[in-house]
Amino acid sequence: MLLQIQTKRRHPDWLKVKLPSGESYATVRELVKTNRLHTICEEAKCPNLAECWSHGTATFLILGDTCTRWCGYCNVKTGKPAELDLEEPRKVAESVKKLNLKYVVITSVTRDDLIDGGASIFAETVREIKNEMPDCSVELLIPDFKIRTGEILREGELNIDALNTVINNGPDVLAHNIEAVRRVFARVRPGGNYDVSLNLLRKIKEIDPEMPTKSSIILGFDETFDEIKQTMLDLLRNNVDFLTLGQYLQPSIKHVKIEKYYTPEEFKELEKIGYELGFKHVEAGPLVRSSYRADKLNNIIR
């Protein structure tokens, strides 16, 4: 009997990344380790970790490192989270100051176990950063803040109080990622809801019409160009200003299978389409992630 051996799929040459190196990389790594902080760069195995850390930037992951949901594309661990570290906002702010950042991205695991989804910690983190670094722009990448009643997570309903808490504490950009086109959304994000995510993005502008908003689409799940364009239109109709598009890289054989590698030329075409449709800024490329080169937005929001 012949044994079938599953071989690791080789990525195209354009997906090669740099190895971590340099003084700035070492500085960020030491700060994160010393303060017992988490970064999405490490937890999600971001291919841009070396580039970003070598430039002295990082995307901080708050609310711990354990997510209460499982998404088919994501490498962040799931399970029962530990107790909140109430010193986390202060430690993040101190790290931002030591790195002298002009733009910082703060994201989190999803914490459906918390009645406000962690909104108060997001808010406190913004306040601490602004206190330490008043001129630093803060981008928040938030979960969907579904409403909870006791132990029940109510499908399709947003926690507007939680969203208000975040918006009213002064972020400069507010992001929430759609991640996938409608047809594959349930397979990729079984704990999420396509329309809930769109509703959240729309509500941001209803609460604060001046708040810049941002979202991201990951490609490689068997979507079509027409479906990508439709998702762009859905985001625009729900008042999204900025868009990123990047290539899905399957973290393990347990995750959703990668169906297609988009070429750099295809990403350039999608970037062009995004601008033609009306986004104020589009970042698209094989290695682009939601927070990749987010500092470029300073030229738009300032």
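Residues numbered from 1 in each chain as written. Predicted model: local features only at pLDDT ≥ 70, side-chain atom pairs only at ≥ 80, totals over all residues. Heavy atoms only, no water.

A.B. asks: Would you take a moment to explain the overall build of the protein chain for this structure?
C.D. replies: A tally of helices and strands in the protein chain yields eleven helices and ten strands. Burial status across the protein chain gives 53% buried among its 302 residues. Across the protein chain, the fraction of contacts at a sequence separation of at least 24, relative to all contacts at a separation of at least 6, is 75%. (Helix = DSSP H or I, 4+ residues; strand = E, 2+ residues; numbered from the N terminus. Buried < 20%, exposed > 50% of the residue type's maximum accessible area, 1.4 Å probe, protein only. Contact = heavy atoms within 4.5 Å.)

A.B. asks: Got a minute to help me understand the pattern of salt bridges in this structure?
C.D. replies: Note that side chains of opposite charge can pair when their charged atoms are close. Considering all chains together, one arrives at 21 salt bridges under this definition. Between R69 and D144 there is a salt bridge, with its nearest N and O atoms 2.8 Å apart. Of the two residues, R69 is situated in the loop between β2 (59-62) and α4 (88-99) and D144 in the loop between β4 (137-141) and β5 (146-149); the sequence distance between them amounts to 75 residues. Take R69: its relative accessible area is 10%, and that puts it in the buried class. (Salt bridge = Lys/Arg side-chain N within 4 Å of Asp/Glu carboxyl O.)

A.B. asks: What should I look at first to understand the confidence of the model for the protein chain in this one?
C.D. replies: Any region with low pLDDT has predicted coordinates that should not be read closely. Residue-level pLDDT values for the protein chain average 85, and 79% of them are 70 or greater. By mean pLDDT, the top-scoring element of the protein chain is helix α9 (residues 225-237) (98), and the lowest-scoring one is helix α2 (residues 40-43) (50). In the predicted structure, residues 1-7 sits below a pLDDT of 50 and forms one contact with residues beyond four places in sequence or in another chain. (pLDDT = per-residue confidence, 0-100.)

A.B. asks: In this structure, what is going on with the nonpolar core? I would like to understand it.
C.D. replies: Across soluble globular proteins, nonpolar side chains show a tendency to be buried alongside one another. If you look at the biggest cluster of nonpolar residues, it comprises 70 residues, and the most contacted ones within it are I106 and L245. Considering each element in turn, this core owes the most residues, six residues, to helix α8 (residues 194-207). Apart from residues no more than four positions distant in its own chain, L245 is found in contact with I217, L219, I228, M232, F267, V282, E283, A284, G285 and V288. Membership of the second largest hydrophobic core comes to six residues, among which are Y103, V105, F242 and A294. (Core = buried A, V, L, I, M, F, W, Y, C linked by side-chain atoms within 4.5 Å.)

A.B. asks: Sorry, what's going on with the packing of aromatic side chains here?
C.D. replies: How two aromatic rings sit relative to each other is set out by the distance from centre to centre and by the angle between their planes. In this structure the tally under the stated criterion is five aromatic pairs. Clustering of aromatic rings is evident, with ring pairs tying together F225, Y262 and F267. The ring of Y262 carries K260 above its face, with NZ or CZ at 4.7 Å from the centroid. (Phe/Tyr/Trp six-rings, centres within 6.5 Å; stacked < 30°, edge-to-face > 60°. Lys NZ or Arg CZ within 6 Å of the ring centre and 35° of its normal.)

A.B. asks: For this particular structure, what's the right way to read unusual backbone geometry?
C.D. replies: Only a minority of non-glycine residues have a phi that is not negative, and only a minority of peptide bonds are not trans. Here L63, not a glycine, exhibits a phi torsion of approximately 70 degrees, which is positive. Here L63 is to be found in the loop between β2 and α4. With a relative accessible area of 2%, L63 lands in the buried category. The backbone phi angle of N239 is positive, close to 70 degrees, even though this residue is not glycine. Its location among the elements puts N239 in the loop between α9 and β9 (242-247).

A.B. asks: Explain the side chain of T125 to me, please; I cannot follow it from the model alone.
C.D. replies: By secondary structure assignment, the location of T125 is in helix α5 (residues 119-132). For T125, a relative accessible area of 0% translates into the label buried. Here I121 takes part through its backbone oxygen, which lies 2.7 Å from a polar atom of the side chain of T125. Those residues in contact with T125, other than ones at most four positions away along the chain, are I62, P89, V92 and I106. (Polar contact = N/O pair within 3.5 Å; in protein donor to acceptor, adjacent residues only side chain to side chain.)

A.B. asks: I tried to follow the pairing of β4 on my own but got confused; where do I start?
C.D. replies: Taken residue by residue, a regular strand's side chains alternate between the two faces of the sheet. Where burial is concerned, most of β4 is hidden: five out of the five residues are buried. Judged by which residues are buried, β4 turns out to be covered on both faces: S137, E139 and L141 on one side and V138 and L140 on the other are all buried. As defined by bridge partners, strand β3 (residues 103-108) adjoins β4 across five bridges and the pair is classed as parallel. Counterpart to T107 in the pairing with β4 is L141. Crossover handedness for the path β3 to α5 to β4: right-handed. Looking at chain direction, β4 and strand β7 (residues 173-175) are connected through three bridges and run parallel. When the bridges of β7 are listed, E139 appears paired with V173. (Pairing = 2+ DSSP bridges. Right-handed = clockwise from strand over helix to strand, strands pointing away.)

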